[in-house]
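Residue-level structural notes
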Amino acid sequence: MAVHVLTNAGLLVNAVDLSAYLARVALAYDADVVDVSAMAATPVKNYKVGATGWTMEVEFFQDYAASKVDATLFPLVGAVAFAIILKSTNAVESSTNPHFTGNAFLKSYSGPVSGAFNDSHKITASFIGDGALTRDVTP
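Okay, so let's go over this structure. (Residues numbered from 1 in each chain as written. Predicted model: local features only at pLDDT ≥ 70, side-chain atom pairs only at ≥ 80, totals over all residues. Heavy atoms only, no water.)

Digging into the packing of aromatic side chains
Under the criterion given, the structure shown has 2 aromatic pairs. Look at phenylalanine 74 and tyrosine 109: their rings are 6.4 Å apart centre to centre, the planes differ by 75°, and that puts the pair in the edge-to-face class. Taken as a pair, phenylalanine 74 in the loop between helix 1 (69-73) and strand 5 (82-87) and tyrosine 109 in strand 6 (residues 99-110) lie far apart in primary sequence, 35 residues in all. For phenylalanine 74, a relative accessible area of 53% puts it in the exposed group. (Phe/Tyr/Trp six-rings, centres within 6.5 Å; stacked < 30°, edge-to-face > 60°. Helix = DSSP H or I, 4+ residues; strand = E, 2+ residues; numbered from the N terminus. Buried < 20%, exposed > 50% of the residue type's maximum accessible area, 1.4 Å probe, protein only.)

Put into structure tokens, the structure is as follows:
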């Protein structure tokens, strides 16, 4: 059994590589489950799978320089959907290193300035998918 340790994930947000600033990333992919139980003689529940969707929570180390964390994320709050690409290892895509792509909205950017004395300055960004999430293993 291969065990994967997440140490060098890759993330492009709106074509800007923010991989060097990643502290934590969590991609969630799910499907709605719809109750379609009818009032029948048999008291059982029935379900159908509905639409799929995805979200991503990312914790970054803050950087205010041009084309870095704040300069990339701040203008995306409330903007149109943009491309996002996530890889578990920041290397060429392969069968053991798939990449996940889709368009997303930046739902929230919490902490353009946040933290306590002597803490590393981290911020959290919440993305919500706008359309399909694609898993690809071809370079």
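Side note on the pattern of salt bridges
Per the stated rule, a full pass over the model turns up 3 salt bridges. Between lysine 45 and aspartate 35 there is a salt bridge whose closest N-O contact spans 3.3 Å. Remark: aspartate 35 occurs in strand 3 (residues 22-35) and lysine 45 occurs in the loop between strand 3 and strand 4 (47-61); sequence separation between them is 10 residues. Two residues, glutamate 93 and lysine 87, come together in a salt bridge whose shortest N-O distance is 3.6 Å. Of the two residues, glutamate 93 and lysine 87, both sit in the buried class. (Salt bridge = Lys/Arg side-chain N within 4 Å of Asp/Glu carboxyl O.)

Considerations on the pairing of strand 1 (residues 10-13)
Bridge analysis of strand 1 against strand 5 gives 4 bridges, and the strand direction is antiparallel. From the neighbouring strand, glycine 10 faces strand 5, where its bridge partner is lysine 87. Between strand 1 and strand 2 (residues 16-17), which follow one another and run antiparallel, lie 2 residues, and asparagine 14 among them has a positive phi close to 55°. (Pairing = 2+ DSSP bridges.)

Notes on the nonpolar core
Ranked by size, the top nonpolar core spans 24 residues in total, and within it Leu11, Val13, Met56, Phe60, Leu73 and Phe127 carry the most contacts. Among the elements that make up this core, the one with the highest residue count is strand 4 (4 residues). Residues within four places of phenylalanine 127 in sequence aside, it is in contact with Val13, Thr55, Met56, Val58, Leu73, Phe82, Ile84, Ala104, Phe105, Leu106 and Lys107. (Core = buried A, V, L, I, M, F, W, Y, C linked by side-chain atoms within 4.5 Å. Contact = heavy atoms within 4.5 Å.)

Focus: the pairing of strand 7 (residues 122-129)
Sheet analysis places strand 4 next to strand 7, joined by 7 bridges and oriented antiparallel. In the strand pairing of strand 7, glutamate 59 is matched with threonine 124. Across 6 bridges, the pairing between strand 6 and strand 7 is antiparallel. Residue leucine 106 lies in a different strand from strand 7, and its bridge partner there is phenylalanine 127.

Things to note about the environment of serine 114
Here serine 114 shows up in the loop between strand 6 and strand 7. Looking at serine 114, the relative accessible area reads 35%, which means it is partly exposed. Along the primary structure serine 114 and glutamine 62 are separated by 52 residues, whereas in three dimensions their C-alpha atoms are 9.5 Å apart. Here the side chain of serine 114 touches lysine 122 through a polar contact of 3.3 Å, landing on its backbone oxygen. (Polar contact = N/O pair within 3.5 Å; in protein donor to acceptor, adjacent residues only side chain to side chain.)

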